Amino acid sequence: MRRKNRLLLMKIASLFSVVRGYNIPVIVLAQYLSAIFILAPENSRALDVVLDSNLFILVIASAFCIASGYIINNFYDAKKDLINRPQKSMLDRLVSQKTKLQVYFALNFIAVAMALLVSWRVSLFFSVYIFLLWFYSHKLKKFAIIGNISAALLAVFPFFGLLIYFFKTQHEDYDLQKVGIIFCHATFLFLLLLIREIIKDFENLAGDLANNYSTIPIEYGEKTAKKVITALAIATIIPIFLLIEDYDVGYMDIYFYSCLITLIFFIGYLWKSENKAQFLRLHITLKTLIVSGIFCIILIDPAVLWHGRNLL
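Residues numbered from 1 in each chain as written. Predicted model: local features only at pLDDT ≥ 70, side-chain atom pairs only at ≥ 80, totals over all residues. Heavy atoms only, no water.

Trainee: Explain the overall build of the protein chain residue by residue, including any values.
Mentor: Across its full length, the protein chain carries 17 helices and 0 strands. A compact globule built from 312 residues would reach a C-alpha radius of gyration of about 20 Å, and the protein chain, at 20 Å, matches this within 12%. With the principal axes as the frame, the protein chain shows a C-alpha extent of 55 × 50 × 40 Å. Residues classed as buried in the protein chain amount to 48% of the 312 residues present. For the protein chain, long-range pairs separated by at least 24 residues make up 77% of all intrachain contacts whose partners lie at least 6 apart in sequence. Entry remark: accessible area of the protein chain is about 16,200 Å², with carbon and sulfur atoms responsible for 67%. Charge separation in the protein chain, taken as the distance between the mean sites of 30 positive and 21 negative side-chain charges, equals 17 Å. (Helix = DSSP H or I, 4+ residues; strand = E, 2+ residues; numbered from the N terminus. Rg over C-alpha atoms; globule rule 2.2 N^0.38 Å. Buried < 20%, exposed > 50% of the residue type's maximum accessible area, 1.4 Å probe, protein only. Contact = heavy atoms within 4.5 Å. Areas by Shrake-Rupley, 256 points an atom, 1.4 Å probe, with all protein chains shown as cover. Lys, Arg positive; Asp, Glu negative; His and termini not counted. Charge placed at Lys NZ, Arg CZ, Asp CG, Glu CD.)

Trainee: Tell me what's going on with the side chain of Ser-137, and back it up with residues and numbers.
Mentor: Looking at the element boundaries, Ser-137 is found in helix H8 (residues 120-138). When residues no more than four places from it in sequence are discounted, the contact partners of Ser-137 are Gly-69, Ile-72, Asn-73 and Tyr-76.

Trainee: Please give an account of the packing of helix H2 (residues 24-39) against helix H9 (residues 146-169) that cites residues and values.
Mentor: As a packed pair, H2 and H9 sit with axes 11 Å apart at the nearest point and diverge in direction by 40 degrees. One way to sum up the angle between H2 and H9 is to call them oblique. Crossing of H2 over H9 shows right-handed handedness. On H9, the residues touching Ala-30, Gln-31, Ser-34, Ala-35 and Leu-39 of H2 are Pro-158, Phe-159, Leu-162, Leu-163 and Phe-166. Tallied by class, residues from the contact of H2 with H9 come to 8 nonpolar, 2 polar and no charged. (Axes fitted to C-alpha atoms, helices over the stretch in contact; angles between N-to-C directions. Parallel < 35°, antiparallel > 145°, perpendicular 65-115°, else oblique. Left-handed = near helix turned anticlockwise from the far one by under 90°. Nonpolar A, V, L, I, M, F, W, Y, C, P; charged D, E, K, R; others polar.)

Trainee: A description of the pattern of salt bridges should follow, citing residues and the corresponding values.
Mentor: Under the definition given, this model contains 3 salt bridges. Measuring nitrogen to oxygen at the nearest pair gives 2.4 Å for the salt bridge that ties Lys-141 to Asp-77. Note that Lys-141 is positioned in the loop between H8 and H9 and Asp-77 in the loop between helix H4 (53-76) and helix H5 (78-84), a separation of 64 residues in sequence. Taking the shortest distance from any N to any O, the salt bridge between Lys-200 and Glu-197 comes out at 3.5 Å. Placement of both Lys-200 and Glu-197 in helix H10 (residues 176-203) is noted, with a separation of 3 residues, approximately one turn of the helix. We classify Glu-197 as buried; its relative accessible area is 11%. (Salt bridge = Lys/Arg side-chain N within 4 Å of Asp/Glu carboxyl O.)

Trainee: I'd like a rundown of the packing of aromatic side chains, residues and numbers included.
Mentor: What describes a pair of aromatic rings is the distance from one ring centre to the other and the angle between the planes of the rings. Enumeration over the complete set of coordinates arrives at 13 aromatic pairs. Centre to centre, the rings of Tyr-129 and Phe-157 are 5.0 Å apart; their planes meet at 15 degrees, and the pair counts as stacked. Here the residue Tyr-129 occupies a position in helix H8, and Phe-157 occupies one in helix H9, the gap between them amounting to 28 residues. Of the residues examined, Tyr-129 reaches a relative accessible area of 2% and is grouped as buried. (Phe/Tyr/Trp six-rings, centres within 6.5 Å; stacked < 30°, edge-to-face > 60°.)

Trainee: An account of the nonpolar core is needed here, citing residue identities and associated values.
Mentor: Within soluble globular proteins, side chains that are nonpolar tend to cluster in buried spots. Counting residues in hydrophobic clusters, the biggest one holds 88 residues, and the most contacted among them are Leu-55, Phe-126, Ile-199 and Phe-266. Sort the elements by how many residues they give to this core and H10 lands first, with 14 residues. When residues no more than four places from it in sequence are discounted, the contact partners of Leu-55 are Tyr-32, Ala-35, Val-49, Leu-162, Tyr-165 and Phe-166. (Core = buried A, V, L, I, M, F, W, Y, C linked by side-chain atoms within 4.5 Å.)

Trainee: Account for the confidence of the model for the protein chain, naming residues and giving values.
Mentor: Per-residue confidence for the protein chain gives a mean pLDDT of 85, with 93% of residues at or over 70. Within the protein chain, helix H17 (residues 303-307) has the poorest average pLDDT of any element, 59, and helix H13 (residues 222-235) the best, 94. (pLDDT = per-residue confidence, 0-100.)

Trainee: Which residues make up the environment of Ala-206, and what values do they have?
Mentor: Considering the arrangement of structural elements, one finds Ala-206 in helix H11 (residues 205-210). It is 30 Å that separates the C-alpha atoms of Ala-206 and Ser-292, two residues lying 86 residues apart in sequence. Residues contacting Ala-206, with those up to four places away along its chain left out, are Ile-83 and Asn-84.

Trainee: I'd like a description of helix H14 (residues 237-245), backed by residues and values.
Mentor: Listing the buried residues of H14 in full gives Pro-239, Ile-240, Leu-243 and Ile-244. End-on view of H14: buried residues confined to an arc of 125 degrees, all on one side of the axis. Residues of H14 that are exposed and point more than 90 degrees away from the buried face comprise Ile-238 and Glu-245. (Arc of directions from axis to C-beta.)

This is the structure we're talking about:
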């Protein structure tokens, strides 16, 4: 391969790394599965949901916003990442900061323009989301507690956009139980994401200290941070109990029971963890729970898979 072509491929890989390209398809899948199995009315066909052009615009626009959020986060964290993630940082630096900002503004413009095809309210929704992502990266993430909470909330923000869309378009026939299900799911996901954010603070301790970031482990100590994580892990029992006992989630209760067992071992290992490698294992465990939870949404109504009910 010629040097010019090789450099181009490396820059594409660099940009893919900056926008966390491996996360975007998972987020798109999560939104569509949530729409089909949780948000859409009972009498609707899954195929109608998949072919809904407005829903497609919402999902793609949110994917573009999230990708741009990763870019601006990378832009502000460049110095910190040199300490915490030196290898990834060197790959990310193959693309100039100017190019990153150009892609950032382009993605945001396309997202807002696409949303305008649905309505000005949807466009305003994504404009607010873009601003919040920027404000988090620029200011909020440097502060203990509020930075963690903001990151977790922004991760579930697009799902509330879908909830509003389905509720507005189907409000006369909409089953309010679905609102309860999505809020419980969102609460459970929010708690896992919040735990993950604090675990990341343990991983990034050196870079945070060097760049004057205020995090829970830095401000309140390692022991207090572990107590907070333990409390949050115990708090997941509440949305899990509601989902299993009060709402119909089909076979997905298997996933929630598995999460409870995993979190018990997670807490035990947490209190033994002292170095970055151990906290990285905890981070991977949480990421596995979150990603597997996306695929397990299918368990709410697996009949769709084996005989196509509500599909055709």
